[in-house]
Amino acid sequence: MRVLHQGGEHLLQLRTREVALLLDILEAALPADTISGPRASNPSLSHFFNEMYGQLIDTARAGWADGAPSSQPAAVSRLR
């Protein structure tokens, strides 16, 4: 992983396996009612999570298929 800082922007460069791990961590750390559904308790977090998840899910699936530590999290079906 590399992080490039340029002013107020920060670019993460992650390997496929790291993307899979990141989504695993997000899924494990955030209760479902916090991030999805009409009663999401934190709309900003919900938006950030769903944006990140939507942008990275295909890459994470490739990482999981190649043997990243966990299987595909349950949030995949929840977000579709």
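Preceding block: the structure.
Residues numbered from 1 in each chain as written. Predicted model: local features only at pLDDT ≥ 70, side-chain atom pairs only at ≥ 80, totals over all residues. Heavy atoms only, no water.

Caption draft 1: A look at the overall build of the protein chain. Scanning the protein chain for helices and strands turns up four helices and two strands. N-terminal to C-terminal, the α/β element order of the protein chain is β-β-α-α-α-α. For the protein chain, the residues scored as buried account for 28% of the 80 residues in total. A sequence separation of at least 24 residues applies to 45% of the contacts in the protein chain between residues at least 6 apart. Working note: accessible area of the protein chain is about 5,500 Å², and carbon and sulfur atoms make up 54% of it. (Helix = DSSP H or I, 4+ residues; strand = E, 2+ residues; numbered from the N terminus. Buried < 20%, exposed > 50% of the residue type's maximum accessible area, 1.4 Å probe, protein only. Contact = heavy atoms within 4.5 Å. Areas by Shrake-Rupley, 256 points an atom, 1.4 Å probe, with all protein chains shown as cover.)

Caption draft 2: Examining the pattern of salt bridges more closely. Applying the stated criterion across every chain yields a total of one salt bridge. In this structure, Arg61 engages Asp58 in a salt bridge whose closest nitrogen and oxygen atoms are separated by 3.3 Å. Here Arg61 pairs with Asp58, and both are found in helix α3 (residues 43-65), just three residues apart, close to one helical turn. Judged by relative accessible area, which is 29%, Arg61 ranks as partly exposed. (Salt bridge = Lys/Arg side-chain N within 4 Å of Asp/Glu carboxyl O.)

Caption draft 3: Molecular detail of α3. Between its first and last C-alpha atoms α3 spans 31 Å; for 23 residues at 1.5 Å apiece the expected length is 33 Å, and the two agree. At Ile57, α3 shows its maximal kink, close to 55 degrees. Positioned one or two residues after α3, Gly67 has a phi angle of 100 degrees, which is positive. (Expected span 1.5 Å × (residues − 1). Bend = angle between axes of the 7 residues up to and from the residue.)

Caption draft 4: Seen up close, the packing of helix α1 (residues 16-29) against α3. In the contact formed by α1 and α3, the axes pass within 8 Å of each other and the chain directions differ by 130 degrees. The orientation of α1 with respect to α3, classified from their angle, is oblique. Crossing hand, α1 versus α3: left-handed. The residues of α3 that touch α1, namely those facing Thr16, Val19, Ala20, Leu22, Leu23, Asp24, Leu26 and Glu27, are Phe49, Met52, Tyr53, Leu56, Ile57, Thr59, Ala60, Ala62, Gly63 and Trp64. For the contact of α1 with α3, the class distribution of residues is 13 nonpolar, three polar and two charged. (Axes fitted to C-alpha atoms, helices over the stretch in contact; angles between N-to-C directions. Parallel < 35°, antiparallel > 145°, perpendicular 65-115°, else oblique. Left-handed = near helix turned anticlockwise from the far one by under 90°. Nonpolar A, V, L, I, M, F, W, Y, C, P; charged D, E, K, R; others polar.)

Caption draft 5: Seen up close, the pairing of strand β1 (residues 2-6). Where β1 meets strand β2 (residues 9-13), five bridges bridge the pair, whose relative direction is antiparallel. Paired with Val3 across the strands is Leu12, a residue of β2. Between β1 and β2, which follow one another and run antiparallel, lie two residues, and Gly7 among them has a positive phi close to 60 degrees. (Pairing = 2+ DSSP bridges.)

These values are about where atoms sit, not about what they do.
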